[in-house]
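Chain by chain, the residues:
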Amino acid sequence: MKIYGYGKQSVSADDIKIVTDVLNSDFLSQGPKVGEFEEALCAYTGAKYCIAVSSATAALHIAMATFDISDGDEVITTSNTFAASANCVRYVGGTVKFADIDFETANINPDEIKKQITNRTKAIIPVHFAGQSCDMEAIHDIAKEKGLYVIEDAAHAIGSNYKGMKIGSCKYSDMAIFSFHPVKNITTGEGGAIMTNSKDLHKKLLLLRAHGIERDSELYDAHGKWYYEINSLGFNYRITEIQAALGISQLKRIEDFKAKRKHIISLYKKIFANDTRISFLKERDFSDMCFHICPILIDFENLGIDKKKFFNDLFDAGLRLQVHIYRFTCILIIEGLGFHLVTIQ
Ligand SMILES: *Cc1c(COP(=O)(O)O)cnc(C)c1O
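Residues numbered from 1 in each chain as written. Predicted model: local features only at pLDDT ≥ 70, side-chain atom pairs only at ≥ 80, totals over all residues. Heavy atoms only, no water.

A. Summary view of the domain arrangement of the protein. When its domains are assigned, the protein resolves into domain 1 (13-251) and domain 2 (254-343). Look at where the C-alpha atoms of domain 1 and domain 2 centre, and you get two points 27 Å apart. Taken together, the 33 residues of domain 1 in the interface contact 22 residues of domain 2. Buried area between domain 1 and domain 2, both sides added, is near 2,400 Å², and the carbon and sulfur share of it is 56%. The three residues of domain 1 that bury the most area against domain 2 are E104, Q132 and N185, which together make up 23% of that side's buried surface. Where domain 1 touches domain 2, the interface holds three salt bridges. Its salt-bridge partner being E104, residue R284 comes within 3.1 Å of it at the nearest N-O pair. At the surface where domain 1 touches domain 2, the tally comes to 16 residue pairs in polar contact (both at pLDDT 80 or more). Contributions of two or more residues to the side of domain 1 that touches domain 2 are made by β6 (161-162) and α9 (241-252). Of the residues contributing to the side of domain 1 that touches domain 2, the split by class is 13 nonpolar, 13 polar and seven charged. (Domains from an automatic or database assignment. Contact = heavy atoms within 4.5 Å. Buried area = accessible area lost by both parts, 1.4 Å probe. Salt bridge = Lys/Arg side-chain N within 4 Å of Asp/Glu carboxyl O. Polar contact = N/O pair within 3.5 Å; in protein donor to acceptor, adjacent residues only side chain to side chain. Helix = DSSP H or I, 4+ residues; strand = E, 2+ residues; numbered from the N terminus. Nonpolar A, V, L, I, M, F, W, Y, C, P; charged D, E, K, R; others polar.)

This is the structure:
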């Protein structure tokens, strides 16, 4: 029996070649490929700056640190997401407030964000669930009125568009964060990136990525070309040259991945069009999705079996589903054939 796993990356001959070339080069950690990958992500999304890092979790952590979020500060995120979107707030001592979702899209509901705002709120982390953009203009308006930062958790959404712009352009946010874990839309093995249009934020993020080490031409002129200073706390969240090379190659393939995922999902929608037991989340007009997953809603009463039996039966048939996000139950798209189920509990 063929086993269909939870997610499967697609690695091409070109992907392998670029990585092999790096292994034969002088640089394995920081070299030319990291900058090239960052430039490619800027060119793709339209954002001015990019910092590639070791994971989206690391990206979210230093995003929180950049905005000086700490004890007593509150950050609002969605109640339907992976733990990392909320954990990053805890890493810096902040308090997480969860806003409920719009049940048609499973994305954070701007009206629910308003209900969670207090005088301690500092930031909002909308998550583009399944690859569909949140209502960013509405979120931006709320943030502007209340003086809040907006950090898009776009871990699911590289390749997606919002009102004709690529997610990651940061038109309606301070930063957007991508994940390149193998289950995501493109992969670097492990890896992530932060997009921003702010020179100042970019500078702060560079320090946070690498131990707070400061080097620049002014310091070199004053003290000699060996000179550096460490004036703030930083981390080692660097991405490697090997990972960046894979990212460059994968990013070239993203429109193909997007088209393939769209095609698979259009087939599911056709197959289940008249099946009242299963329905799909709605796609908003402003959204053009690079589907990370294809969530479906299951009416178990109508189906005649419970969730446990449903999952166990599919498991026995070779479909290895996972309860991924607790409110929902998900199966990831597997390149070429897979699908992803979501059930509201
Ligand atoms: C996967 C994911 C992350 C974390 O990504 P990593 O690169 O694995 O750290 C963060 N937020 C969401 C919504 C995710 O799905």
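B. How the structure looks around the side chain of T45. Mapped onto the fold, T45 is located in helix α2 (residues 32-45). Residue class for T45 comes out buried when judged on its relative accessible area of 5%. Within the structure, T45 has its side chain in polar contact with the backbone oxygen of L41 (distance 2.8 Å). The residues touching T45, leaving out its near neighbours within four places in the chain, are K166, I167, G168, S169, F178 and M195. (Buried < 20%, exposed > 50% of the residue type's maximum accessible area, 1.4 Å probe, protein only.)

C. Representation of the site of the ligand in the model. Taken together, 15 residues lie near the ligand, and T57, D153, H156, S179 and K184 sit nearest. S179 is positioned such that a nitrogen or oxygen atom in its side chain is 2.7 Å from an oxygen atom of the ligand. The side chain of K184 places a nitrogen or oxygen atom 3.1 Å from an oxygen atom of the ligand. For the ligand, whose free accessible area comes to 380 Å², the fraction covered by protein is 93%. Where the shell around the ligand is concerned, the elements lending two or more residues are α3 (56-66) and α4 (84-91). Residues that form the shell around the ligand fall into these classes: five nonpolar, eight polar and two charged. (Near = heavy atom within 4 Å. Areas by Shrake-Rupley, 256 points an atom, 1.4 Å probe, with all protein chains shown as cover.)

D. Geometry of the packing of α2 against α9. Where α2 contacts α9, the axes come no closer than 8 Å and their chain directions differ by 30°. Here α9 runs roughly parallel to α2, going by the angle between their axes. Considering only the axes of α2 and α9, their crossing is left-handed. Two secondary-structure elements touch here, α2 through P32, K33, V34, E36, F37, A40, L41 and Y44 and α9 through E241, A244, A245, G247, I248 and L251. (Axes fitted to C-alpha atoms, helices over the stretch in contact; angles between N-to-C directions. Parallel < 35°, antiparallel > 145°, perpendicular 65-115°, else oblique. Left-handed = near helix turned anticlockwise from the far one by under 90°.)

E. Quick peek at the sheet that holds strand β5 (residues 149-153). Taking strand neighbours across the sheet as the criterion, the seven strands line up as β1-β9-β8-β5-β4-β2-β3 in an open arrangement whose pairing is mixed. What marks the edges here is a single partner per strand, and that holds for β1 (49-53) and β3 (95-99). Across the sheet, the axes of successive neighbouring strands diverge by a mean angle of 25°, strand direction being ignored. Two elements, strand β4 (residues 121-125) and β5, share two bridges in a ladder whose sense is parallel. When the bridges of β5 are listed, I124 appears paired with V150. Packing of α2 onto the sheet brings it into contact with β1, β8 (175-179) and β9 (192-196), and relative to β1 it is tilted by some 130°. (Pairing = 2+ DSSP bridges.)

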